[in-house]
Amino acid sequence: RLPRSRLTGALAQGLLFGAAAYLGMLKPLNFGPGIIFDGRSVMISLCALYSGPWAAAVLLILPIGYRVALGGSGAVMGVSVILASAALGLVARWRIKPDRRPPSSSQLLLFGLAVHIVMLALMLTLPEGAGLLALRRMGIFIITIYPLATVLAGKILSDQVRAALNVEALREREERFTLSMEASRDGLWDL
């Protein structure tokens, strides 16, 4: 309920998305010791896209802290995916400007593909050939399911933005109507 355009709203959004990313990390798909896959890239990228840099900064605290605490051979990749997802979300925010015109399904799909292609590329940072093995086992799953999840969650966020824009436009029209009626000094009957 806090407006995303204000600092308190952005911080609250970051905390909410950070908690969702953290909860998703609690039940990951374990590929090997210290190598996990979950939906944090979707949450992080969408938070940065829709809520901006302050929300992204708050959001990063929980998943990075938890991923570092988990450790393992995938820690560098995990933290890199978190940072890359936030960075790509911020770049997309700058290009798309979702507060003025929410992204379409095709824009969200392209965005989800970009985020997860980078994620797949970052798998190559896994040590001792684990990256190539992970790509073979998880690549198709990640490049199909994760972008679709980005579209689905993004559509919910786009609908919220559209609703807020519609309420604001209605408020402006009502204000203009009231001002014009007061300025005209004509009578008005409503039956």
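These lines cover the structure that appears in this document, whether it is placed above or below. What you see is a predicted model, and the numbers here were worked out from it, not measured in a lab.

Below, the discussion takes up the packing of helix H4 (residues 75-96) against helix H5 (residues 105-122). Viewed as axis vectors pointing N to C, H4 and H5 meet at an angle of 150°, and their least axial separation amounts to 10 Å. With respect to H5, the element H4 is oriented roughly antiparallel. The handedness of the crossing between H4 and H5 comes out as right-handed. Seen from H4, the contacting residues are Met77, Ser80, Val81, Ala84, Ser85, Leu88, Gly89, Ala92 and Ile96; seen from H5, they are Gln107, Phe111, Ala114, Val115, Val118, Met119 and Leu122. Here the residues of the contact of H4 with H5 sort into 12 nonpolar, 4 polar and no charged.

With that settled, the discussion passes to the environment of Ile82. Mapped onto the fold, Ile82 is located in helix H4. C-alpha separation for the pair Ile82 and Ser45, spaced 37 residues apart in sequence, amounts to 8.5 Å.

So, about H4. Structurally, the α-helix is built with 3.6 residues per turn, so residues lying three or four positions apart point the same way. Its 22 residues place the ends of H4 31 Å apart at the C-alpha level, agreeing with the 32 Å of an ideal helix rising 1.5 Å per residue. When we look at burial in H4, the residues that qualify are Ala75, Met77, Gly78, Val79, Val81, Ile82, Ala84, Ser85, Ala86, Gly89, Ala92 and Arg93. Backbone geometry just after H4 places Lys97 at a positive phi near 55°.

Conventions we followed
- Here, residues in each chain are numbered from 1, in the same order as that chain's written sequence.
- Local features are withheld for residues below a pLDDT of 70 in this predicted model, meaning they are given only at 70 or higher, and side-chain atom pairs are given and counted only at 80 or more; totals for whole chains, interfaces and linings count all residues.
- Water and hydrogen atoms play no part in the side-chain values, which are based on all heavy atoms of the structure.
- A fitted line through C-alpha atoms represents every axis, and for helices the fit uses only the stretch in contact; the resulting angles, taken between N-to-C directions, go from 0 to 180 degrees.
- Secondary structure elements are taken from DSSP: a helix is a run of H or I of four residues or more, a strand is a run of E of two residues or more, and numbering for both begins at the N terminus.
- Throughout, the term roughly parallel applies to angles under 35 degrees, roughly antiparallel to angles over 145, roughly perpendicular to angles from 65 to 115, and oblique to all others.
- The crossing is said to be left-handed when, going from far helix to near helix, the turn is anticlockwise and less than a right angle, and right-handed when the turn is clockwise.
- In this description, contact between two residues means that some pair of their heavy atoms is separated by no more than 4.5 Å.
- Three classes are used: nonpolar for Ala, Val, Leu, Ile, Met, Phe, Trp, Tyr, Cys and Pro, charged for Asp, Glu, Lys and Arg, and polar for all others, with Gly counted as polar.
- Here the expected span of a helix is defined as 1.5 Å times the quantity of residues minus one.
- Relative accessibility decides the category of a residue: with a 1.4 Å probe and only protein chains considered, values under 20% of the type maximum give buried, values over 50% give exposed, and everything between is partly exposed.

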